[in-house]
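Spelled out, the chains give:
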Amino acid sequence: MKLIFLGPPGSGKGTQAKRVAAYLGVPHISTGDMLREAVARETPGGVKARDFIGSGLLVPDELINIILGERIERKDCQKGFVLDGFPRSSGQADMLTKKLQELSMTLDKVIDIIASFQVISERICGRRSCPNCGASYHILYSSPEKKDICNECGNSLVRRSDDTEEVVQARYKEYMEKTMPLSDYYKHKGLLYTVNGELDIEEVYKNIVNIILPKML
Ligand code: AMP
């Protein structure tokens, strides 16, 4: 099963993509995670990407296309994958279409998770995570027992540097201008399925599983 998850930042696509990938037993490929790792390791690509990420802008297609192209060629993608955060521009979508043709792969479905700016902004600005064990929290909806301390391992929680109100506005603008048009691109290919991302996590998940594997739940 080869899937793409589209949606604005904070729509829940990362959470859902990870869970669906685990359920299907295929790799979860998040370009945001790959870029953050490259930034932390200070690789040449990471150094180039850092300022774009920090200001909420998309990193240039030339850079992310190489990173994604190399990842999708790896053997573990042959049985399937869930793409989370790629493609995000028409240049990336064209590159992906060509790459999949080269690899004789076909996409199965594109899941487009919809949520309003008000909802995503509140979600993103309250997000906290544990850099040690990866547990995630929200200051309003799932706060830790002790303020800013991880329930699981006692580490101090952190906020992603691009999860501020100012950067969220820039990320949303990039989404509206460059990524939202991809919904039409995949609609024309007959691959697009829309999901309401404002419902609670379990409901969104059930709706997605019903789309990708009808009658399984
Ligand atoms: P995410 O974790 O998916 O919200 O991505 C965080 C940031 O990484 C984005 O705001 C972009 O700066 C960058 N990024 C992630 N994926 C892409 C992509 N496909 N194209 C360009 N920039 C990306």
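These lines cover the structure that appears in this document, whether it is placed above or below. Here the structure is a predicted model, which is why all the values come from computation and not from measurement.

1. A word on the overall build of the protein chain
Phase 1 of the analysis: A tally of regular secondary structure across the protein chain gives nine helices and seven strands.
Phase 2 of the analysis: The C-alpha radius of gyration of the protein chain comes to 17 Å, within 12% of the 17 Å expected for a compact globule of 217 residues.
Phase 3 of the analysis: With the principal axes as the frame, the protein chain shows a C-alpha extent of 50 × 45 × 35 Å.
Phase 4 of the analysis: Within the protein chain, residue pairs in contact and separated by at least 24 positions form 71% of the contacts whose partners lie at least 6 positions apart.
Phase 5 of the analysis: Looking at the protein chain as shown, the accessible area adds up to about 11,600 Å², and 51% of this sits on carbon and sulfur atoms.

2. So, the packing of helix H7 (residues 165–179) against helix H8 (residues 181–188)
Each pair of packed helices can be described by the angle between their axes along with the distance between the axes.
Phase 1 of the analysis: In the contact formed by H7 and H8, the axes pass within 5 Å of each other and the chain directions differ by 35°. Counting all contacts with H7, which are made through Met-176, Glu-177, Lys-178 and Thr-179, the residues of H8 involved are Pro-181, Leu-182 and Ser-183.
Phase 2 of the analysis: Among the residues forming the contact of H7 with H8, the class breakdown is three nonpolar, two polar and two charged.

3. Describing the site of the ligand
Phase 1 of the analysis: What surrounds the ligand is a group of 16 residues, the closest being Thr-31, Leu-57, Gly-85, Arg-88 and Gln-92.
Phase 2 of the analysis: For the ligand, an oxygen atom lies 2.9 Å from a polar atom in the side chain of Arg-36.
Phase 3 of the analysis: Between Gln-92 and the ligand, the recorded distance is 2.9 Å, taken from a side-chain N or O atom to a nitrogen atom.
Phase 4 of the analysis: A total of 480 Å² of accessible area belongs to the ligand in isolation, and the protein chains cover 96% of it.
Phase 5 of the analysis: It is helix H2 (residues 31–41) that provides the largest number of residues to the shell around the ligand, a total of four residues.
Phase 6 of the analysis: Of the residues contributing to the shell around the ligand, the split by class is seven nonpolar, four polar and five charged.

4. A few points about the side chain of Arg-123
Phase 1 of the analysis: Tracing the chain through its elements places Arg-123 in helix H6 (residues 117–125).
Phase 2 of the analysis: One buried charged residue, Arg-123, remains without a salt bridge, the closest side chain of opposite sign being Glu-198 at 7.0 Å.
Phase 3 of the analysis: For Arg-123, the side chain forms a polar contact with the main-chain oxygen of Ser-11, separated by 3.3 Å.
Phase 4 of the analysis: The contacts of Arg-123, once residues within four sequence positions are left out, are Gly-10, Ser-11, Gly-12, His-138, Tyr-141, Gly-197, Glu-198 and Leu-199.

Cut-offs and rules
Counting restarts for each chain: residues are numbered from 1 in the order of the written sequence. Since the coordinates come from a predicted model, pLDDT governs what is reported: local features require at least 70, and pairs of side-chain atoms require 80 or more to be given and counted, while whole-chain, interface and lining totals use all residues. Excluded from the side-chain calculation are hydrogens and water; included are all heavy atoms of the structure. Helix and strand assignments come from DSSP, with helices taken as H or I runs of at least 4 residues and strands as E runs of at least 2, each series counted from the N terminus. Here the globule rule is a power law, 2.2 Å times the number of residues to the power 0.38, and the radius of gyration is based on C-alpha atoms. Contact definition: two residues touch when any of their heavy atoms are within 4.5 Å. Every accessible area reported is derived by Shrake-Rupley at a probe size of 1.4 Å, with residue values counting cover from the shown protein chains alone. All axes are obtained by fitting lines to C-alpha atoms, using only the stretch in contact for helices, and the reported angles, taken between N-to-C directions, cover 0 to 180 degrees. Asp, Glu, Lys and Arg are counted as charged, while Ala, Val, Leu, Ile, Met, Phe, Trp, Tyr, Cys and Pro are counted as nonpolar; the rest, among them Gly, fall into the polar class. We define proximity as follows: a residue is near a molecule or strand when any one of its heavy atoms falls within 4 Å of that partner. As used in this structure description, the phrase polar contact means that two N or O atoms lie within 3.5 Å; if the pair is within protein, one of them must be able to donate a hydrogen and the other to accept it, and residues adjacent in sequence are counted only when both atoms belong to side chains. Exposure categories follow from relative accessible area, calculated using a 1.4 Å probe and restricted to protein chains: below 20% of the type maximum is buried, above 50% is exposed, and the middle band is partly exposed. Working convention for charge: Lys and Arg count positive, Asp and Glu count negative, and His plus the chain ends are omitted. A carboxyl oxygen of Asp or Glu within 4 Å of a side-chain nitrogen of Lys or Arg is what we treat as a salt bridge.

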